[in-house]
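Inside the fold
Each chain is listed here by its residues.
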Amino acid sequence: MDELVKRFEAARKAGEHERGNREQLRLLRELAEECPAFTPNLLYLARVQQVIDQPGRNPEEVFSEIQRLLELAILGSNRGAPVILELGNFLDTFQNDPLGAMKLYEEGEQKALAILEDAWFFKLRYWNLERTKESLEKALRLCALVEQVFPEPNTYLEDEIQTTKRLAALEGLLPDPNSSPG
């Protein structure tokens, strides 16, 4: 993997002064041929080709290559949100396919929201394990945001929200739900 990253960085550096020059395109294409699952290279090669002129190449040929690269990147990323959105943008901008793009935007959005739910779960768990006044205050603020964004969060996140509220009540940051009113 280190070798792939080094070669990718060398290809990016080859375009430092002139993005998309022949040498850079050659290096990026070679890497794409040798390792079609290396998603960062596929994305970068697709982006470079979207913004440069390629004299002697038919635009349809270039667009076809870009779409193929983005579709390979989707496979290599296990349909990761950023890559899905990249293909959606390409279809919308260059292929005049707004309906196809919208489907990809919606899929990317759902995947991104799932990642956000996971990230917030881990942050809450971290702050709950710290169990200081400051960490629980941060956790409570995040809980309020979670409840706005995700009216029905996944089970793990919901459990962690309940843990936050229970710990905050024990620390006097929230009223104790088990105590009887005055």
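Now for a look at the structure at hand. The structure displayed is predicted, hence computed values, not measured ones.

Cut-offs applied
Residues numbered from 1 in each chain as written. Predicted model: local features only at pLDDT ≥ 70, side-chain atom pairs only at ≥ 80, totals over all residues. Heavy atoms only, no water. Helix = DSSP H or I, 4+ residues; strand = E, 2+ residues; numbered from the N terminus. Buried < 20%, exposed > 50% of the residue type's maximum accessible area, 1.4 Å probe, protein only. Contact = heavy atoms within 4.5 Å. Areas by Shrake-Rupley, 256 points an atom, 1.4 Å probe, with all protein chains shown as cover. Axes fitted to C-alpha atoms, helices over the stretch in contact; angles between N-to-C directions. Parallel < 35°, antiparallel > 145°, perpendicular 65-115°, else oblique. Left-handed = near helix turned anticlockwise from the far one by under 90°. Nonpolar A, V, L, I, M, F, W, Y, C, P; charged D, E, K, R; others polar.

Further remarks concern the overall build of the protein. Within the protein, the regular secondary structure consists of eight helices and zero strands. C-alpha extents for the protein along the principal axes are approximately 85 × 40 × 25 Å. For the protein, the proportion of its 182 residues judged to be buried stands at 38%. Pairs at least 24 residues apart make up 50% of the contacts formed inside the protein by residues separated by at least 6 positions. As displayed, the protein has an accessible area near 11,400 Å², and 53% of this comes from carbon and sulfur atoms.

Now for the environment of Leu 167. Structurally, Leu 167 can be placed in helix 8 (residues 155-170). Sequence spacing of Leu 167 and Phe 150 is 17 residues, and the spatial spacing of their C-alpha atoms is 21 Å.

Between helix 6 (residues 98-130) and helix 8, the least distance of the axes is 9 Å, while the angle of their chain directions is 25 degrees. With respect to their mutual orientation, helix 6 and helix 8 come out roughly parallel. In terms of crossing hand, the pair formed by helix 6 and helix 8 is left-handed. In this structure, helix 6 uses Glu 117, Trp 120, Phe 121, Leu 124, Arg 125 and Asn 128 to contact helix 8, whose residues at the interface are Tyr 156, Leu 157, Glu 160, Ile 161, Thr 163, Thr 164 and Leu 167. Looking at the contact of helix 6 with helix 8, its residues break down into seven nonpolar, three polar and three charged.

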